[in-house]
Protein chains: 2
Amino acid sequence: MYNLFEIDEWKIIERSFDPLKQKQAESIFSIGNGCFGQRANFEETFSGDSLPGSYVGGVYYPDKTRVGWWKNGYPEYFAKVLNACNWIGINVEIEGVQIDLATSQVLSFYRELNMKEGTLKRLFKLRLADGKELEIESLRFCSMHNEDVAAISYSLTPINFSGIVRLTSYLNGRVTNHDANYDEFFWDEVSRDINSSVGMVCAKTKKTDFYVATAMCSSFSDQNGLLDLEVKLNECELYVENSFGHALNQGEKYTLHKYISIASSVKYPSSELVDKSISCVKNSASLGFDALLHNHIGAWERIWDAADIVIDGDSAAQQGIRFNIFHLYQTYTGKNAKLNIGPKGFTGEKYGGATYWDTEAYCLPFYLKTADPQIARQLLIYRYHHLDKAIENAEKLGFKNGAALYPMVTMNGEECHNEWEITFEEIHRNGAIAFGIYNYVRHTGNRDYLKKYGFPVILGIARFWSQRFNWSDSKKAYVMLGVTGPNEYENNVNNNWYTNYIARWCIEYCLEIKEEVGEVHDLIISEEELATFRNIVKNVYLPELEGTNIFLQQDGFMDKEQLSASDLPLNERPINQHWSWDRILRSIFIKQADVLQGLYLFEEHFDLETIRENFDFYEPKTVHESSLSPCVHAILAAKLGKVDKAYELYLRTSRLDLDDYNHEADEGLHITSMAGTWMSLVEGMAGVRITESSLNVNPIIPKSWSCYTFQIRYQNNPLLIAVTQTNTELKNLGDSDLSVYLNEQLYTLKANESITV
Amino acid sequence: MYNLFEIDEWKIIERSFDPLKQKQAESIFSIGNGCFGQRANFEETFSGDSLPGSYVGGVYYPDKTRVGWWKNGYPEYFAKVLNACNWIGINVEIEGVQIDLATSQVLSFYRELNMKEGTLKRLFKLRLADGKELEIESLRFCSMHNEDVAAISYSLTPINFSGIVRLTSYLNGRVTNHDANYDEFFWDEVSRDINSSVGMVCAKTKKTDFYVATAMCSSFSDQNGLLDLEVKLNECELYVENSFGHALNQGEKYTLHKYISIASSVKYPSSELVDKSISCVKNSASLGFDALLHNHIGAWERIWDAADIVIDGDSAAQQGIRFNIFHLYQTYTGKNAKLNIGPKGFTGEKYGGATYWDTEAYCLPFYLKTADPQIARQLLIYRYHHLDKAIENAEKLGFKNGAALYPMVTMNGEECHNEWEITFEEIHRNGAIAFGIYNYVRHTGNRDYLKKYGFPVILGIARFWSQRFNWSDSKKAYVMLGVTGPNEYENNVNNNWYTNYIARWCIEYCLEIKEEVGEVHDLIISEEELATFRNIVKNVYLPELEGTNIFLQQDGFMDKEQLSASDLPLNERPINQHWSWDRILRSIFIKQADVLQGLYLFEEHFDLETIRENFDFYEPKTVHESSLSPCVHAILAAKLGKVDKAYELYLRTSRLDLDDYNHEADEGLHITSMAGTWMSLVEGMAGVRITESSLNVNPIIPKSWSCYTFQIRYQNNPLLIAVTQTNTELKNLGDSDLSVYLNEQLYTLKANESITV
C-alpha cells in the first residue's frame, strides 16, 4: 500500500511540498478542539489550489435546498457547515514582495502533525525571485485546555539578506462556502474593532442569526524579546489587520505570536461575545504562547492516558489508530450538548449537517469506552433536546400521537436531507438512537438517565415504529413497507430484516422499561396502545431463507442474480463510480453491513452458528463502499475466529484517509468511520463486549503484531487490556472490584490487580 | 362544476377582464400551427401578471441539470422548451401615454378563441387616466396554411377624443425562460435588420446552435386605405421596431396589420433563414391579411372535416372535446419528423422535453384515426431516427449488443430526465414505443413500414428487455427487478405486472415479425440470442392473486393496507399535495392505470370476466392524479357496460384545463392527455377497436346526450359513426368496401353506403 505521508507512531510528516497534495494535506493535518477547527491552510497568502476551512462548532447556514423534482415533505433547506472567519492569516512581504509558496521556489518543506501534543508545525525555506532566501517556522494549535483559544507562533529568519519585512496579521470574515448551492454569501458584519493591541470581527450568519466574535492579539519579537514597533491598522467590512514593518538582520530569527479567541452564540449570549473574545485574547497574550501550549499539551496527555491504543510491531497500524483517535477527540469533547459529530468534523464542508446515525452506531461506543461517561451522555442529551423536533418531523410525514422520527441529517433537530429514499425511508436510524440509550445504560449502569431522559425518547421512537408497521392480511404478520436499510444500495424495499428487527426490539424495550419507569413521566400511554405494542412484538414478519439460518436482507432478495463481489471486474469497482444507479439497486451487491449490522448489535440473541452462516452468506456479497462497513464485518470475523479476514477488514478502515484510498481526502476526513476503526480493534481484535450483565474479553491478535494495549471503561472503572501472541493481561486501574470474563472464564480483579492468562 | 369561461360549442369566450385569470387565459387561448405557437399574451404592453410565451417547435436549450444528489447515469442537462422572440408586440401611446390594461380602466373586455377558424380575438374599451376612451380590436392567428406565417390585425378607435397616437410594432428577442435553472440567458444575436417596410431579428441559441429568424412587416391604415406615414426606426441588440405616429380622429377606426414570418434551422439551412423570413413576410404583406386568414380558415376546415366530434345535447361536453382536438392539431400536424408532442405543446414552458411515452400511448391512436396515416408515420419515424441514441442510452446503463432504451423525456433522442426512479426505472415506456409500431401497422395495414423501419426499433427494444429480465432461481422464472410502472406512486418495485407483460409481448412480437422480415436487414441476430428470447417468452413471471383472475400490480402488493380511494378524507386529496412521498409509496393508492393499462392495450388477450375482476379490484384504489389516467378507466368501464362510470371518468378529462380542475392551467395545458379524452370518447363511448384483423364498434351513449357523431379512418378509409339513444349509424365515406363489426355483427359497407342499427 502506498503511504501518502511518512510513517511515524505519533506524527504525520510531510517532507516536501507537493501542490497536488495540498488539499489532501489540508484535511489530514487539520487541527481542532471540539469547539472549533481549522484545516491546514497556510498562514501566509497562497495562490495555489486550496480549500480554506475554518469551522465553528454548531454554526450552520440553511442553504436553500437544490433538487430536481420536489417531493412533499422535503425540507426547505440543507444545513451547511459554515466556513467562518479566517483567523490564521499572516501576510508576509519582503521588501514589498509578498511571499507565496505557489510562486516562490521552495528549497525545503517540512510539515508535521504532532498527535501527541495536538500541534501543527511547518518549517520551510524559500528562495524569492530576486534570490533572497528565508526560513519560516510556524506552530499552531487549537487549545484543548481553553476551548475558546488558539495560538500561532510564526518565525522568520532571513538567510542571505537583511531587509525590510512586513508581517500583516489579520482576521478576515469575508469567506464563502465552496459548496454553497446558490453562491450566496452567508455572513453579515455585526461590529469590528482594531487597535494596536487587539483586533476583533463580530459577524452574524444570515437567517440563522449565529453570532461569532473572533479576536486576535499579535506581537512581534526578536531573540531579545518583544519589539515595540509602530503597528499599522487597516480595516474594512468583516476585516481587520495589524501590520508590523521592521528591518530584519540576516541570520536572526523574528517571531510573530498571534493569539486568537473565538466566542460564539452556540455557547455564550450574543451580547457578551465581543467582550468575551477580547478579554480572553488579552489573557492569552499575557499568559504567553509557551504557557498556553503547555496547558494544551497537558490536556491532550489526559486524553491519551485513557484513549490511546499501543500497537507494537506495526508502525503503520499504530499511526493509523492514533490518527483516528486524535481526530475523534479534535471533533468532539462532549463539553457542549448542542454539538455533535459531523461526518467531516472540522476538516471540510462536505455533507453539511452535524449529526447522522453514525453518532449512535459508531461514535457513542468509542466515547463510552474511552472517556468519562459524561461525554457520551452529552450525545444522548443532544437527541433528548431534539425530541420535539423529531415528533414534528414524524407529524409532517403523517404520524401522530407523539411518534418521533429523528432526522437522517440534522444540525438543530430538523431534517435537512432531501433524497426521498433516504430522508423518508432510511428510518432504521431511529432504531440506532434507541439502541444508543440502551448501550449507554449497559456501559454505565446509569438507570436514572433511562428514567428521566431515555424513556421519553424511546417511547416516541416505539410509537413511530408501531405506526410504521402495517398488518398484512396476506402474510398474517406486521410488515414494514418502503424502507431503505443501512445498505443504501437498496431503496424502497419491503421488510428489510434489520429495520424490522431493530424496530421490534425498540417496541419491546419500551414495554420493558415502562415497567421500570413506572409513573415518573406524565406521558399518557393508553392500554390500547400497549396492547398494540405487544401485538406487534409478537407478530413482526422477519424474512428468512427457508431451510437455513439465513435472515434475508429484504423481501425478494433471492430473486436477484446470485453473484459474489469477487465476480466483479476490477475496472468496474467501486461500482458506485461505474454503474448506473438502477443497476446497483437490482444487483445483489451490498454497500455496507445490513443484516450483519443487526447481528452485530444483537449478537447475544443469536448462536455462533447462525452468525457464521449469515456472515458467510453476506460477506462475499458486500463491496464495502461505505467507510462504515468494514468495521462491522471485522468485528464479526474476529468473533468467528477468522483472524486474517478480520485483519484485512481492519486495514481497510484504519488508514482510509491517511492513505486516501478513495481519493476524496481533499474534501475532508471520514470522522465518524474513525470510530468504526477503533471498534474493529477493541470489539474486533480484543473481543470486548459489554452486555447488560457482564464485561467480556475474547482477544485475537494478527500475526504481524507483537502486542497491543489499551484501556476501556466499564461502569466508570478503567481496565487495561494488553494482548500479545501468547497471552492477555488485564489490569484493573480503578478503585473498585471488577468482574470480567476473559475467554468465557470469569475473573474478579481488585483495585490495581492484574492477571495474565 | 364551475366553468371558467363561457360555454359555446365552437368558441372559448371571456367577457370581462380578470387580471387573476390572465395566466390561465394565456394558456387556454393559446394559438399555434404545429410549427410554432404563442400564448395569449397581449400585443400591447402589460405590466400585470403574465407568462410571456412564444415557442418555436424543436428549438430547445440544454439547461444544466439541477439535482440534490447526483447519481451515475444522470444526463448533464435538461432540454428546456425555449421562449423565443416576442413577435406579437405592439406598443400603443396616446399623446405620449402608454396604454396598459393593468393600469387603465377597462370599460369592457371580450376575448374569444374561435376553434373552428383558429383565431384569437380581443375587443376592449379603455378609459385612460385623463378620461380619454378608446376601443381596441385585435385578431391574430398562426397560419395552418403556411406554417411559417402569422398575422395580427390591430385596430384602434378613439371614442371621445381626437389626438396623436403612436403605434410601435416590434420584435423582441431579449426573452428569458421563467423556469431557467440558473437564470441564464439562452439567445445570442446573429443579425438584425430594420427599414421602413421590414424588420428582422435572427438569433441563435447558446450551446445548441438553433437559428431562428423572425421577420415582420407592418402597415397602418384607416378606413380609406393604407396611410403613408413616416416610419421611425429603432433597434438594439435582438430588438427592432417600426413606429407609426398619426393624428387620429374621434370615432374613426385605424388598423395596424403586422405580418410575421418565422424560419428556423429545425426546418431550413441556417444560412437561408434571413432571406427566407424576409421574402416570406413580404409575400404575406402583399397577399394581405384577409387572404391569409381565408387560407388559414380553409386549412382548419379540412382538419375539422376529418377530426370533429359532434355531441348533441351537452354543450359543455361539445366545447370540451373540440377544445382538446383543437389544441392537439395546434401542437402537432406531422409535417416535420423532428417535431413531437410536448406535454404542454406551445402553451407553456413547464416540463421541458418534447417527447414522453404519452406520444405513443395516447397521441398516436388519435392521429391514426383522425388524419392521414402519413402524420402518425412521422411520429414513428421520429423514434426510428433516435434509435442510435436509444442504444447509446442503454449502453450507459450497462446494456450491450444493440439493446435500446428510449428516454423518458427527450428533445433529440438523448435522455433529459433526472430522477433515478423514473429515468432509469420507468422503462415500460420502451414497450409503448414498440406497441406504437404494432398499432400503426394494424391501423394502416402498412407492413412495408414494419420491415424497413419498425423491425430495427423493435429488435433494439426486445434486446433491452431480454437483458433486463434476470433468471430467479428462487421463482424458477424470469423476473424484472427495480422498475417503476405507469403508476408512479410506486418506485423501484419488482415484477410490475404491466412492465413484465409488455416486455414479454415485445420479445414475442420481435420473434414473430423476424420471420416476416426475413433477411431484409443486415442486423445479425444469433441463434443463441433467439433461443434466449424464446426461453424468456416461455418463462416470464407474472404476479397473480391466487384463487382469482387478478393480476398483481407488483410483488408484495397484497402486503399493503387494503383501502379504497373512498376511504380518503376529502381534505387529503389529491394525496400528492397532502402526503409525504413515502406515505404515498407504501399506500395502496394508484396514480394512474397500471395493470389496467395492460388490459387496455392487450384487451384481446383477456376474457371479459378477467377484465371486469381486475377493473373492480383496481378502479376503487385509483386516485387518478395523473391527467392520463381516467381515459383508460373510462374505456374499460364502457367496455364493461358501466355507462355511468364511463361518463363520470370521461367528464374528469374532457374539461380538465378548460375548467382548470387542478389549478395549474396558468403553466400551460395538458396537451397529451387531450388525446386521452378523445380516446375515452371514441374507444370508450363508441367502443371503436381496430385489431389486426377487424374494425369493431360497440357503442354506448350517456343519458344526457342525444347523439354523437364522428369519423375515423381505418386502413385509410373514412367511416362516419353516429350514435343516438336508440340506434347507431355507420357510413362508409371512402372509395372501397369496408367491413365492420357493429355490436359483434359483421357488416360490409360499399362506398358511400350507410346502415343504421
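First, a word on scope: everything that follows refers to the structure included in this document. (Residues numbered from 1 in each chain as written. Chains lettered and ligands numbered in written order. Predicted model: local features only at pLDDT ≥ 70, side-chain atom pairs only at ≥ 80, totals over all residues.)

**A look at the overall build of chain A**
(1) Moving on: Along chain A, the regular secondary structure elements total 19 helices and 30 strands.
(2) Moving on: For 757 residues, the compact-globule formula gives about 27 Å, and the C-alpha radius of gyration of chain A, at 27 Å, lands near that figure.
(3) Moving on: Over its C-alpha atoms, taken along the principal directions, chain A stretches across nearly 85 × 60 × 55 Å.
(4) Moving on: By residue count, 55% of the 757 residues in chain A fall in the buried class.
(5) Moving on: Pairs at least 24 residues apart make up 68% of the contacts formed inside chain A by residues separated by at least 6 positions. (Helix = DSSP H or I, 4+ residues; strand = E, 2+ residues; numbered from the N terminus. Rg over C-alpha atoms; globule rule 2.2 N^0.38 Å. Buried ≥ 20, exposed ≤ 12 C-beta atoms within 10 Å, placed from the backbone. Contact = placed C-beta atoms within 7 Å.)

**Considerations on helix α5 (residues 358-370) of chain A**
Residue and element names in this part refer to chain A.
(1) Moving on: When the terminal C-alpha atoms of α5 are compared, their 17 Å separation across 13 residues agrees well with the 18 Å that a helix rising 1.5 Å per residue should span.
(2) Moving on: The largest bend along α5 measures about 40° and falls at L364, with the proline P365 one to four residues further on.
(3) Moving on: Within α5, 13 of the 13 residues are buried, which leaves it mostly tucked inside the rest of the structure. (Expected span 1.5 Å × (residues − 1). Bend = angle between axes of the 7 residues up to and from the residue.)

**Topic: the sheet that holds strand β6 (residues 90-94) of chain A**
Residue and element names in this part refer to chain A.
(1) Moving on: Taking strand neighbours across the sheet as the criterion, the five strands line up as β7-β6-β12-β18-β17 in an open arrangement whose pairing is antiparallel. Of all strands in the sheet, those with a lone pairing partner are β7 (97-98) and β17 (231-236), marking the two edges.
(2) Moving on: As defined by bridge partners, β6 adjoins strand β12 (residues 163-172) across five bridges and the pair is classed as antiparallel. Bridge pairing in β12 links I94 to V165. (Pairing = 2+ DSSP bridges.)

**Details of the nonpolar core**
(1) Moving on: Core analysis: the biggest nonpolar cluster contains 451 residues, and I458(A), C506(A), I458(B) and C506(B) have the highest contact counts within it.
(2) Moving on: Ranked by residue count, the leading element in this core is helix α11 (residues 497-517) of chain B, at 12 residues.
(3) Moving on: Not counting the four nearest positions on each side in its chain, I458(A) is found in contact with A434(A), I437(A), C506(A), Y509(A), C510(A) and I513(A). (Core = buried A, V, L, I, M, F, W, Y, C linked by C-beta atoms within 7 Å.)

**Quick look at the interface of chain A and chain B**
(1) Moving on: Between chain A and chain B, the residue contacts involve 41 residues of the former and 42 residues of the latter.
(2) Moving on: Of all elements in the fold, only β21 (470-472) and α14 (581-586) of chain A reach the threshold of two or more residues within the side of chain A that touches chain B.
(3) Moving on: Counting residues per element, the side of chain A that touches chain B draws most heavily on α14(A), at five residues.

**Remarks on the relation of the copies chain A and chain B**
(1) Moving on: The transform that puts chain A on chain B rotates by 180° and translates by 0.1 Å along the axis, for an RMSD of 0.1 Å. Accordingly, the operation relating the two chain copies is best matched by a two-fold axis.
(2) Moving on: With an isologous cut-off of 70% or more, the 100% of interface residues of chain A that recur at the interface of chain B puts this contact in the isologous class. (Least-squares fit on C-alpha atoms with pLDDT ≥ 70 in both.)

**Quick notes on the packing of helix α6 (residues 373-385) of chain B against helix α9 (residues 428-444) of chain B**
Residue and element names in this part refer to chain B.
(1) Moving on: Contact geometry for α6 and α9: axes closest at 11 Å, N-to-C directions at 155°. Here α6 is positioned roughly antiparallel relative to α9, judged by the angle of their axes. Relative to α9, the crossing made by α6 is left-handed. Contacts between α6 and α9 involve P373, A376, R377, L380 and R383 on the former and, on the latter, I433, G436, I437, Y440 and T444.
(2) Moving on: Its residues assigned to classes, the contact of α6 with α9 shows six nonpolar, two polar and two charged. (Axes fitted to C-alpha atoms, helices over the stretch in contact; angles between N-to-C directions. Parallel < 35°, antiparallel > 145°, perpendicular 65-115°, else oblique. Left-handed = near helix turned anticlockwise from the far one by under 90°. Nonpolar A, V, L, I, M, F, W, Y, C, P; charged D, E, K, R; others polar.)

**Quick notes on the environment of Y362(A)**
(1) Moving on: Of note, Y362(A) is situated in helix α5.
(2) Moving on: With near-sequence residues (within four places) excluded, Y362(A) lies in contact with L628(A), T672(A), S673(A), A675(A), G676(A) and M679(A).

**A few points about the sheet that holds strand β24 (residues 695-697) of chain B**
Residue and element names in this part refer to chain B.
(1) Moving on: The strand order across the open sheet built from four strands is β23-β24-β28-β29, with neighbouring strands paired in mixed fashion. Only two strands of the sheet have a single neighbouring strand rather than two, namely β23 (689-690) and β29 (745-749).
(2) Moving on: As defined by bridge partners, strand β28 (residues 738-742) adjoins β29 across five bridges and the pair is classed as antiparallel. The residue bridging L738 from the neighbouring strand is L749, located in β29.

**Observations regarding the environment of I88(B)**
All names here are of chain B.
(1) Moving on: Note on placement: I88 falls in the loop between β5 (77-83) and β6 (90-94).
(2) Moving on: Classification of I88 by C-beta neighbours within 10 Å gives buried; the count is 25.
(3) Moving on: Taking the C-alpha atoms as reference points, I88 and A263, separated by 175 residues in sequence, lie 16 Å from one another.
(4) Moving on: Other than its neighbours up to four places away in sequence, I88 contacts Q38, N41, E43, R140 and I152.

**Let's talk about the pairing of strand β27 (residues 728-732) of chain B**
Residue and element names in this part refer to chain B.
(1) Moving on: Here strand β26 (residues 717-724) runs beside β27; their pairing, made up of five bridges, is antiparallel. Looking at β27, one finds that V723 is bridged to T728.
(2) Moving on: Taking the residues between adjacent antiparallel strands as the criterion, β26 and β27 are bridged by three residues.
(3) Moving on: Bridge analysis of β27 against strand β30 (residues 754-756) gives three bridges, and the strand direction is antiparallel. Looking at the pairing, K731 lines up with S754 of β30.

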